Amino acid sequence: MEQKLQLLSSSIQVDPSNPQIPQNLKHLKLEIFNELAVNKLGTEKLALHFCELEVTYLLISRQIENFELAIERLMKFYNQGLESRDRAHYTGIYLIYLLSFNKFAQYYSQIELLPKETFSNPFVHFVLQLEYKLSIGSYSDLLGDYHPTGIENVFLERIMDTIRLQTALSANASYKQLSIENAIKLFNVKSIQELQQFAQKQNFKWKFNNHHVYFDNVQNVENPLNSEFLITNSLRYVHEFDKII
């Protein structure tokens, strides 16, 4: 089974879009967990590594609907004391997932279970700082010196889209125009093209000319993301908007 796991891991690294991977994952999961039921001590380490691989694959393929069950299964192994060199990284992924889906009770419960050495991990430290910045409404430097390049991007994108959308709703309600320079800072994007793509994605009828963006002052966009999170933090977004301009 260990050799099968290594081959599957290599297959995911080479071509995660391979249509055979889901079926191979399913078969190997059944094999490993059936063995785990009768030989826990001899199989639990292998089951742990399988869970890490499954989480990685689900994020690479952006199968978020299946991610929650997989990451919680993995965290149970960690919380039982099983060690892995990648434990801190996957723990950070779990924490940022909880933040992005507004699962604050589970987030703080998991923090209490973390070993002290986990807090020194750079990625876990980043997630803790991210939660702090979100809690105080400090959005202009949300990522700090961290440059996301890994599978955690899907949750960072969700958080950033949530912030941008609520900022946009506040801007639509309160202002007629902004300079492009200030709008790029406000929405935490890198270029006017990225800002235009965001407006198009959210069906905003903004106009871009004369180095300004002109808002449509209409708030009829249904937010598909984190509605409770947005309601809780709406005043913070407005405050950040006022600070920038």
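Structural notes, computed from the coordinates. Here the structure is a predicted model, which means the values were calculated and not measured.

Reading the values: rules and limits
- Residues numbered from 1 in each chain as written.
- Predicted model: local features only at pLDDT ≥ 70, side-chain atom pairs only at ≥ 80, totals over all residues.
- Heavy atoms only, no water.
- Helix = DSSP H or I, 4+ residues; strand = E, 2+ residues; numbered from the N terminus.
- Polar contact = N/O pair within 3.5 Å; in protein donor to acceptor, adjacent residues only side chain to side chain.
- Axes fitted to C-alpha atoms, helices over the stretch in contact; angles between N-to-C directions.
- Parallel < 35°, antiparallel > 145°, perpendicular 65-115°, else oblique.
- Left-handed = near helix turned anticlockwise from the far one by under 90°.
- Contact = heavy atoms within 4.5 Å.
- Pairing = 2+ DSSP bridges.
- Buried < 20%, exposed > 50% of the residue type's maximum accessible area, 1.4 Å probe, protein only.
- Lys, Arg positive; Asp, Glu negative; His and termini not counted.
- Salt bridge = Lys/Arg side-chain N within 4 Å of Asp/Glu carboxyl O.
- Phe/Tyr/Trp six-rings, centres within 6.5 Å; stacked < 30°, edge-to-face > 60°.
- Lys NZ or Arg CZ within 6 Å of the ring centre and 35° of its normal.

**A look at the environment of N121**
Along the chain, N121 falls in the loop between α6 (104–113) and α7 (122–136). For the pair N121 and A88, spaced 33 residues apart in sequence, the C-alpha to C-alpha distance is 6.4 Å. One polar contact links the side chain of N121 to the main-chain amide nitrogen of F123, over a distance of 3.0 Å.

**Section: the packing of helix α3 (residues 40–60) against helix α4 (residues 64–79)**
Relative orientation of the contacting elements α3 and α4 amounts to 150°, with a least axis distance of 9 Å. It follows from the interaxial angle that α3 and α4 lie roughly antiparallel. The two elements α3 and α4 cross, and the hand of that crossing is left-handed. Facing E44, A47, L48, C51, E52, E54, V55, L58 and L59 of α3, the residues of α4 in contact are I64, N66, F67, A70, I71, R73, L74, F77 and Y78.

**Quick notes on the sheet that holds strand β2 (residues 207–209)**
Two pairing modes exist for strands in a sheet, parallel and antiparallel, and in both the strands are linked by backbone hydrogen bonds. Taken in spatial order, the 3 strands make up an open sheet running β1-β3-β2, and their pairing is antiparallel. Looking at the sheet topology across the chains shown, the edges are occupied by β1 (177–179) and β2. Averaged over neighbouring strand pairs, the angle between their axes works out to 20° when direction is ignored. Looking at chain direction, β1 and strand β3 (residues 212–214) are connected through 3 bridges and run antiparallel.

**Overview of the side chain of E44**
Relative to the assigned elements, E44 resides in helix α3. In this structure, E44 is buried with no salt-bridge partner, the nearest side chain bearing the opposite charge being K40 at 4.7 Å. Ignoring any residue separated from it by four or fewer positions in sequence, one finds E44 in contact with L36, F77 and L82.

**Things to note about the pattern of salt bridges**
Opposite charge on two side chains allows them to pair when their charged atoms are near. Within the structure shown, the criterion is met by 9 salt bridges. A salt bridge links E157 to R62; the nearest nitrogen and oxygen atoms lie 3.1 Å apart. Of this pair, E157 sits in helix α8 (residues 153–174) while R62 sits in the loop between α3 and α4; the two residues are 95 residues apart in sequence, bridging distant segments of the chain. In this structure, R85 engages D86 in a salt bridge whose closest nitrogen and oxygen atoms are separated by 4.0 Å. Residues participating in the shared-partner salt-bridge network are K29, E54 and R73.

**As for the packing of aromatic side chains**
Under the criterion given, the structure shown has 16 aromatic pairs. Judged by centre distance (5.2 Å) and plane angle (50°), the rings of F67 and F155 are tilted. Here F67 is found in helix α4, whereas its partner F155 is found in helix α8, with 88 residues between them in sequence. F155 matches F67 in its accessibility class, with the two residues each being buried. Taken together, a centroid distance of 6.3 Å and an interplanar angle of 45° make the contact between F198 and F204 tilted. Comparing F198 with F204 shows no difference in burial state: the two are buried. What links up through ring pairs into an aromatic cluster is the set F67, Y94, Y97, F101 and F155. Positioned over the ring face of F33 is R73, at 5.9 Å from the centre of the ring. For the cation-ring pair, R158 lies above F101, with the distance from its terminal atom to the ring centre recorded as 3.8 Å.

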